[in-house]
Amino acid sequence: MEVNKIMVIGAGQMGTGIAQVFAEAEFDVILYDLEEEIVKKGLNKIAKSFHRQVEKGKMTAARKEEVIKNISTSTLLQSAKNADLIIEAVIENIAVKSKVFKELDKTAPEHTILASNTSSLSITEIASATNRPEKVIGMHFMNPVPVMKLVEIIRGLETADIVYEVIEELTKKLNKVPVEVNDYPGFVSNRILMPMINEAIYTLFEGVATKEAIDEVMKLGMNHPMGPLTLADFIGLDTCLYIMETLHSGFGDDKYRPCPLLRKYVKAGRLGRKSGRGFYTYT
């Protein structure tokens, strides 16, 4: 099962990062989104990332131009006809993802592997929207994609062994570290990370300490590169809430209940860095 052409569905923060690392690994990449303006913005973001590498001496200007040529853009889902692997990176919503996979299943060739970059949702449920559940798999990249080494590879109930092996080898070609994970809510990374962030929010909510103090304790006491409230702002408070709701619903255990303060901030539009304000204010 040979993979040469990659299609990335969604030209947001994660999608552009995924497209970038595949292009750098010499794969032909189609970056797809619904609107031309969005895909152009995504491609510009990738170009700026490469430009920073040139400025730092990590990439030559000639190499930058070569890699950019590996990426084409599209607003037509019919482009899936040319892909060997399609990676979905749209909003973290099971209904939206299932609809995308159902449409891709109708369009993509029979051999095409369909992967989701979901950070918490069931690969088995996503696969059930297709007629090829054995070719559906999870590829959970970490943010920021060009920097972070880990990729959680999640098997759905019917994911074929050969599909897992292809994705594992492909991940290594990206200079990433693949880790096999079974299909449970939040997988490994977010099942552990998000309750920690949620507990930090409860600690703030209950007046145990200020946000600065909470972050400082975790940075200096636990050697974390950034505090949990800063990290929540970076991830997006709406995303944190959605993952906590997925964990709470999936396990039916109140230890995963989202903090009321998290819900309040999301309702107020305080989503973190992307909205300019979360636990901290950004300019």
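The name an unreviewed UniProt entry assigns to the protein is 3-hydroxybutyryl-CoA dehydrogenase, from the organism Metabacillus fastidiosus. Quoted verbatim from the Pathway (unreviewed entry) field of UniProt, the annotation for the protein is "Lipid metabolism; butanoate metabolism." What the UniProt record of the protein gives under Sequence similarities (unreviewed entry) is the line "Belongs to the 3-hydroxyacyl-CoA dehydrogenase family."

A.B. asks: Any chance you could explain the UniProt feature "domain: 3-hydroxyacyl-CoA dehydrogenase NAD binding" (unreviewed entry) in the protein here in plain terms?
C.D. replies: Mapped onto this structure's residue numbering, the UniProt feature "domain: 3-hydroxyacyl-CoA dehydrogenase NAD binding" (unreviewed entry) falls at residues 5-183. Here residues 5-183 runs as 40% helix and 22% strand, with 26 Å between its end C-alpha atoms.

A.B. asks: What exactly am I supposed to notice about the pattern of salt bridges here?
C.D. replies: Oppositely charged side chains are able to pair whenever their charged atoms sit close together. For the structure shown, the criterion picks out 13 salt bridges. A salt bridge links Glu88 to Lys97; the nearest nitrogen and oxygen atoms lie 2.3 Å apart. One exposure class covers both Glu88 and Lys97, and it is buried. The residue Arg155 makes a salt bridge to Asp161 at a minimum N-O spacing of 2.9 Å. According to the relative accessible area criterion, Arg155 is buried, its value standing at 17%. Ionic contacts of the salt-bridge type, sharing partners, join the residues Glu26, Arg63 and Glu66 into one network.

A.B. asks: What's the story with the side chain of Thr107 in this structure? I'm lost.
C.D. replies: Take Thr107: it is sitting in helix H4 (residues 94-107). Here the side chain of Thr107 touches Glu103 through a polar contact of 3.0 Å, landing on its backbone oxygen. Excluding anything up to four places from it in sequence, Thr107 contacts Leu77, Gln78, Ala80 and Lys81.

A.B. asks: Explain the nonpolar core to me, please; I cannot follow it from the model alone.
C.D. replies: Here is a general trend for soluble globular proteins: nonpolar side chains tend to be buried in one another's company. Counting 37 residues, the largest nonpolar core has Ile6, Phe22, Leu85 and Phe141 as the members making the most contacts within it. A total of 6 residues in this core trace back to one element, the largest contributor, which is helix H1 (residues 13-24). Those residues in contact with Phe141 that sit more than four places away from it in its chain are Met14, Ile18, Val21, Phe22, Asn117, Leu150, Val151 and Leu174. Listed in part, the 24 residues of the second largest apolar core include Ala232, Ile243, Leu261 and Tyr280.

A.B. asks: In this structure, what is going on with the packing of helix H10 (residues 237-251) against helix H11 (residues 260-267)? I would like to understand it.
C.D. replies: When two helices pack together, their arrangement is given by the angle between the helix axes and the distance between those axes. For the pair H10 and H11, interaxial distance at closest approach is 9 Å and the crossing angle is 135°. By the criterion of interaxial angle, the relationship of H10 to H11 is oblique. You can see that H10 and H11 cross each other, and the crossing is left-handed. Each of Leu237, Asp238, Cys240, Leu241 and Glu245 in H10 lies in contact with H11, whose residues at this interface are Leu262, Arg263, Tyr265 and Val266. A per-class count over the contact of H10 with H11 returns 6 nonpolar, no polar and 3 charged.

A.B. asks: Just checking my understanding: could you explain the sheet that holds strand S7 (residues 150-155) for this structure?
C.D. replies: Pairing between the strands of a sheet is mediated by backbone hydrogen bonds and can be parallel or antiparallel. In space, the 8 strands of this open sheet follow the order S3-S2-S1-S4-S5-S6-S7-S8, with mixed pairing throughout. Both edges of this open sheet fall to strand S3 (71-74) and strand S8 (177-182), since each of them pairs with a single strand only. The mean angle between the axes of side-by-side strands here comes to 25°, regardless of whether they run parallel or antiparallel. Strand direction decides the pairing type here: strand S1 (residues 5-9) and strand S4 (residues 85-88), joined by 4 bridges, are parallel. For Met7, the partnering residue across the bridge sits in S4 and is Ile86. Taken strand by strand, helix H2 (residues 36-55) contacts strand S2 (28-32) and S3, and its axis lies near 160° from that of S3.

A.B. asks: Is there a simple way to think about a positive patch on the surface in this case?
C.D. replies: Side chains of Lys41, Lys45, Lys48, Arg52, Lys56 and Lys58 sit close together on the surface and give a patch of like positive charge. Note that Arg52 resides in helix H2.

A.B. asks: Would you mind going over the pairing of strand S5 (residues 113-116) with me for this structure?
C.D. replies: Two faces make up the sheet, and in a regular strand the side chains alternate between them. Here S5 shows a buried face lined by Ile113 and Ala115 and a second buried face lined by Leu114 and Ser116. Where the polypeptide runs from S4 across H4 and back to S5, its parallel neighbour, the crossover connection is right-handed. Summarising the sheet, S5 and strand S6 (residues 136-141) pair through 3 bridges and their orientation is parallel. The residue of S6 that forms the bridge with Leu114 is Val136.

A.B. asks: Help me out: how do you make sense of the packing of aromatic side chains in this one?
C.D. replies: Given two aromatic rings, one states the distance between the centres and the angle between the planes to describe the pair. Considering all chains together, one arrives at 4 aromatic pairs under this definition. Aromatic side chains Phe22 and Phe27 sit 5.5 Å apart centroid to centroid with 75° between the ring planes, which places their arrangement in the edge-to-face category. For Phe27, a relative accessible area of 7% translates into the label buried. In this structure, Arg155 packs its charged tip against the face of Tyr164, placed 4.5 Å from the ring centre. Here the basic side chain of Arg270 rests over the ring of Tyr265, its NZ or CZ set 4.1 Å away from the ring centre.

Reading guide: rules and limits
Residues numbered from 1 in each chain as written. Predicted model: local features only at pLDDT ≥ 70, side-chain atom pairs only at ≥ 80, totals over all residues. Heavy atoms only, no water. UniProt positions renumbered as here; feature names shortened; annotations may be inferred. Helix = DSSP H or I, 4+ residues; strand = E, 2+ residues; numbered from the N terminus. Salt bridge = Lys/Arg side-chain N within 4 Å of Asp/Glu carboxyl O. Buried < 20%, exposed > 50% of the residue type's maximum accessible area, 1.4 Å probe, protein only. Polar contact = N/O pair within 3.5 Å; in protein donor to acceptor, adjacent residues only side chain to side chain. Contact = heavy atoms within 4.5 Å. Core = buried A, V, L, I, M, F, W, Y, C linked by side-chain atoms within 4.5 Å. Axes fitted to C-alpha atoms, helices over the stretch in contact; angles between N-to-C directions. Parallel < 35°, antiparallel > 145°, perpendicular 65-115°, else oblique. Left-handed = near helix turned anticlockwise from the far one by under 90°. Nonpolar A, V, L, I, M, F, W, Y, C, P; charged D, E, K, R; others polar. Pairing = 2+ DSSP bridges. Patch = residues over 30% accessible without salt bridge, like charges linked within 9 Å, V, L, I, M, F, W, Y side chains within 5 Å. Areas by Shrake-Rupley, 256 points an atom, 1.4 Å probe, with all protein chains shown as cover. Lys, Arg positive; Asp, Glu negative; His and termini not counted. Charge placed at Lys NZ, Arg CZ, Asp CG, Glu CD. Right-handed = clockwise from strand over helix to strand, strands pointing away. Phe/Tyr/Trp six-rings, centres within 6.5 Å; stacked < 30°, edge-to-face > 60°. Lys NZ or Arg CZ within 6 Å of the ring centre and 35° of its normal.

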